[in-house]
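# Fold and geometry: a report
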Amino acid sequence: MLVEIAVVERGGEGVLFTLIETIEAAAKVRHYNAIEWTVLARNCQVPNPKLMRVLETLGFEVRQTDTGSEFYWHRKSINDSLLRRGS
C-alpha cells in the first residue's frame, strides 16, 4: 500500500499516530504485505520542526527526488510473523 501525505499544518502531527494506526489496520484487513509512506512536508514554505522530530522518531528517513526535493520516506512490513520477530 502506498500512502502519500502532502501537507501537515497547525499541529497536524498530533493526528499522525491515529492516521498511521488506521491505515495499518486497513492494510492488515486487505492482506497487504507492507505500507510505503511518503511525507512531502519537508519542502513546505515553513517546515514544522515538531513533525520532523515525530517522523524521525517513527523511523522515517529523508530521501531526495531526481530534482533535488526532499521528502520523508518509510516502509513498514505488516506481515504478522515479521512483526513478532521485531522487523
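This section reports on the structure supplied with the text. (Residues numbered from 1 in each chain as written. Predicted model: local features only at pLDDT ≥ 70, side-chain atom pairs only at ≥ 80, totals over all residues. Heavy atoms only, no water.)

### Some remarks on the pattern of salt bridges
In the structure shown here, the tally under the stated rule is 2 salt bridges. Linking Glu 24 and Lys 76 is a salt bridge whose minimum nitrogen-to-oxygen distance equals 2.8 Å. A residue pair is termed long-range when its members are at least 10 positions apart, and Glu 24 in helix α1 (residues 16-29) and Lys 76 in strand β4 (residues 70-77) qualify at 52 residues. Glu 61 serves as the salt-bridge partner of Arg 63, at 2.9 Å between the closest nitrogen and oxygen. (Salt bridge = Lys/Arg side-chain N within 4 Å of Asp/Glu carboxyl O. Helix = DSSP H or I, 4+ residues; strand = E, 2+ residues; numbered from the N terminus.)

### Some thoughts on the environment of Pro 47
Counting through the fold element by element, Pro 47 comes out in the loop between β2 (34-39) and α2 (49-57). Along the primary structure Pro 47 and Val 7 are separated by 40 residues, whereas in three dimensions their C-alpha atoms are 9.8 Å apart. Those residues within four positions of Pro 47 in sequence are excluded, and the remaining contacts are Arg 42 and Met 52. (Contact = heavy atoms within 4.5 Å.)

### Quick look at α1
At 3.6 residues per turn, the α-helix brings residues three or four places apart onto the same side. For α1, spanning 14 residues, the distance from its first C-alpha to its last is 20 Å, which sits close to the expected 20 Å at 1.5 Å a residue. When α1 is considered as a whole, its buried residues turn out to be Leu 16, Ile 20, Ile 23, Glu 24 and Ala 27. Mapping the buried residues of α1 onto a view down its axis gives an arc of 100 degrees, with all of them on the same face. Along α1, the residues that are exposed and aim more than 90 degrees away from the buried face are Glu 21 and Val 29. Structurally, α1 contributes buried residues whose contacts are with β1 (2-5), β2, α2 and β4. His 31 occupies a position one or two residues after α1 and carries a positive phi of about 60 degrees. (Expected span 1.5 Å × (residues − 1). Buried < 20%, exposed > 50% of the residue type's maximum accessible area, 1.4 Å probe, protein only. Arc of directions from axis to C-beta.)

### A look at α2
Looking only at α2, the buried set comprises Leu 51, Met 52, Val 54 and Leu 55. Looking down the long axis of α2, one finds its buried residues gathered within 165 degrees of arc, a one-sided arrangement. Along α2, the residues that are exposed and aim more than 90 degrees away from the buried face are Arg 53 and Thr 57. Those residues of α2 hidden inside the fold are in contact with α1, β2 and β4.

Without other data, these values stay purely geometric and don't point to any function.
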